[in-house]
Amino acid sequence: MVSRRAAIFVLAMGVAAIAPTGGASALDYPTRPVRFVVGFPPGGATDILARLIGQRLSEKLGQQFVIENKPGAGNNIGTETVVNAAPDGYTVLLVNPANYINASLYTNLKFNFIRDIAPVAAFNRVPNVMTVAPDVPAKTAAEFIAYVKANPGKVNMASSGNGTSVHLSGELFMAMAGIKMEHIPYKGAAPAITDMLGNRVQVIFDNMPSIIGHIAKGGLRALAVTTAARSPQLPDVPTVAETVPGYEASALFGMGAPKKTPPEIIEKLNHEINAVLAEPAMRARLIELGGEPLIDTPEAFGAMIAAETAKWEKVVQFSGAKVE
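These numbers were taken from a predicted model, which means no experiment stands behind them.

Turning next to helix 3 (residues 45-61). Relative to the 24 Å expected for 17 residues at 1.5 Å per residue, helix 3 spans 24 Å between its end C-alpha atoms, a close match to the ideal helical length. The complete set of buried residues in helix 3 reads Ala45, Thr46, Asp47, Leu49, Ala50, Ile53, Gly54, Leu57, Ser58 and Leu61. Taken from the residues just after helix 3, glycine 62 is the one with a positive phi, measuring 75°.

Take the nonpolar core next. Formed by 66 residues in total, the largest nonpolar core has its most connected members in Met130, Phe144, Phe173 and Met181. Discounting residues that sit within four places of it in the chain, methionine 181 has contacts with Phe144, Val148, Val155, Met157, Phe173, Met174 and Val203. Counting 32 residues, the second-largest nonpolar core is a separate cluster that includes Tyr29, Ala50, Phe123 and Val126.

So, about the pattern of salt bridges. Two side chains that carry opposite charge are able to pair once their charged atoms sit near each other. Applying the stated criterion to the full structure yields 15 salt bridges. The partner of arginine 56 in a salt bridge is glutamate 279, with the nearest N and O atoms 2.6 Å apart. Of this pair, arginine 56 sits in helix 3 while glutamate 279 is found in the loop between helix 11 (263-278) and helix 12 (280-288), placing the two residues 223 residues apart along the sequence. Overall, arginine 56 belongs to the partly exposed group, its relative accessible area being 23%. Residue arginine 125 is joined to glutamate 308 by a salt bridge in which the shortest nitrogen-to-oxygen separation is 2.9 Å. Of this pair, arginine 125 sits in strand 4 (residues 117-132) while glutamate 308 sits in helix 13 (residues 298-319), and the two are 183 residues apart along the sequence.

What follows concerns the packing of helix 9 (residues 189-197) against helix 10 (residues 208-216). How two helices sit against one another is set out by the angle between their axes and by the gap between those axes. The contact between helix 9 and helix 10 brings their axes to 11 Å, and the two run at 25°. The angle between helix 9 and helix 10 falls in the class roughly parallel. For the element pair helix 9 and helix 10, the recorded crossing hand is right-handed. Of the residues in helix 10, those in contact with Ala189, Ile193 and Leu197 of helix 9 are Ser210, Ile211 and His214.

Glancing now at unusual backbone geometry. Backbone torsion omega between tyrosine 29 and proline 30 reads -5°, so that peptide bond is classified as cis. With respect to the helices and strands, proline 30 occurs in the loop between helix 2 (23-28) and strand 1 (34-38). Positive phi, normally seen in glycine, also occurs at alanine 73, with a value near 55°. Structurally, alanine 73 can be placed in the loop between strand 2 (65-69) and helix 4 (76-83). Phi is positive for asparagine 199, close to 65°, though the residue is something other than glycine. Assignment of secondary structure puts asparagine 199 in the loop between helix 9 and strand 7 (203-207).

Quick look at the environment of threonine 227 now. In this fold, threonine 227 is placed in the loop between strand 8 (221-225) and strand 9 (250-258). A residue is classified by how much of its surface remains accessible, and threonine 227, at 15% relative accessible area, is buried. Each C-alpha atom, one on threonine 227 and one on threonine 46, is 18 Å from the other, the two residues being 181 residues apart in sequence. Not counting chain neighbours up to four residues away, the residues in contact with threonine 227 comprise Pro127, Thr239, Glu248, Ala249 and Ser250.

At a minimum axis separation of 10 Å, helix 3 and helix 11 run at an interaxial angle of 110°. It follows that helix 3 is roughly perpendicular to helix 11 by the angle criterion. Where helix 3 crosses over helix 11, the two elements pack in a sense that is right-handed. Touching Ile53, Arg56, Leu57, Lys60 and Leu61 of helix 3 are Lys268, Glu272, Ile273, Ala275, Val276 and Leu277, all from helix 11.

On to the pairing of strand 2, then. Examined bridge by bridge, strand 1 and strand 2 share five bridges and lie parallel to one another. The partner of valine 38 across the bridge, within strand 2, is asparagine 69.

Here is what the cut-offs are and how they apply
- Once a new chain begins, its residue numbering starts again from 1 and follows that chain's sequence as written.
- The predicted origin of the model limits local features to residues at a pLDDT of at least 70 and limits the giving and counting of side-chain atom pairs to 80 or more, whereas totals for whole chains, interfaces and linings rest on all residues.
- The side-chain numbers reported here are obtained from all heavy atoms of the structure, hydrogens and water having been left aside.
- Each helix corresponds to a stretch of at least 4 residues labelled H or I by DSSP, and each strand to a stretch of at least 2 residues labelled E; elements are numbered beginning at the N terminus.
- Helix span is expected to be 1.5 Å times the residue number reduced by one.
- With a 1.4 Å probe rolled over the protein chains alone, any residue whose accessible area is under 20% of its type maximum counts as buried; one over 50% counts as exposed, and the rest are partly exposed.
- Nonpolar cores are built from buried Ala, Val, Leu, Ile, Met, Phe, Trp, Tyr and Cys residues. Side-chain atoms within 4.5 Å join them into one set.
- Only heavy atoms matter for contacts: two residues are in contact if any of them lie within 4.5 Å across the pair.
- What makes a salt bridge here is a side-chain nitrogen of Lys or Arg within 4 Å of a carboxyl oxygen of Asp or Glu, nothing more.
- Lines are fitted to the C-alpha atoms to define the axes, a helix being fitted only along its stretch in contact, and any angle between axes, read from their N-to-C directions, falls within 0 to 180 degrees.
- Our angle categories are set so that under 35 degrees counts as roughly parallel, over 145 as roughly antiparallel, 65 to 115 as roughly perpendicular, and the remainder as oblique.
- Definitions for this section: a left-handed crossing has its near helix turned counterclockwise from the far helix by less than a right angle. A right-handed crossing has that turn clockwise.
- The rule for pairing is simple: two strands pair if DSSP sees at least two bridges between them.

In structure tokens form, the structure reads like this:
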């Protein structure tokens, strides 16, 4: 006769033998808080999107997605933190345009973004907005170009850091418009906008989520959007291309994870993020911030990242910008 203890042991071993490997971690995930790393300070577009998505993921999955702002080196400090983190799903990255740009802008990166970060899910794509400080007299992009030419060495262009789309959108504008401004990089969009409001810098090509509120309140003035078509959020604001033919730039956001993160965890995160993006309230909020949600697979987001990296490499080469 088999003892009760032995029978339980045999049953347990049988269940273990037929249990799918790797599935339990995805089924239970997450069992503790998740670090959601943002490579910029609070208040900018990347931070706003991370907090929107992170809050809903916390509510849906029952564990906090804790926003960890790690600014510095044009977003590279935050990215490197995630590249070197344990690939267990408990450290993820707010992927943003700086990741695509830095691949060709920086000459001595310690990582390769496409190789070392696994795409999880896209969030949205938004235009940047060419926005001027209150004291700038120009009311159009053409008037601004004339203003810069009439004031050589006196016009400062703010950005959220070297290598951001905010920076490179401005560099591309200068190159294509045939003008020169002094670039003033900040550690994020929020401090740059503070100085814009105080007229200490004159123009910024900021991501729409962090600038649109200031435009709506009248504190800052939008001259143009950087996408090929006008934005539904600013329908009366022309595109840069209407003044500078051929100009186009936009900002793609999403989530990434360390390269060897288990695929079942990536799939679960992708599924949950897509569900969040499909919620009417979230969709409406993202549209308010400048771009409709992008609901797709990790593989599709990976293809978007590759395309953006190739596009911004051409912009970097065109502008001549380089960072050691």
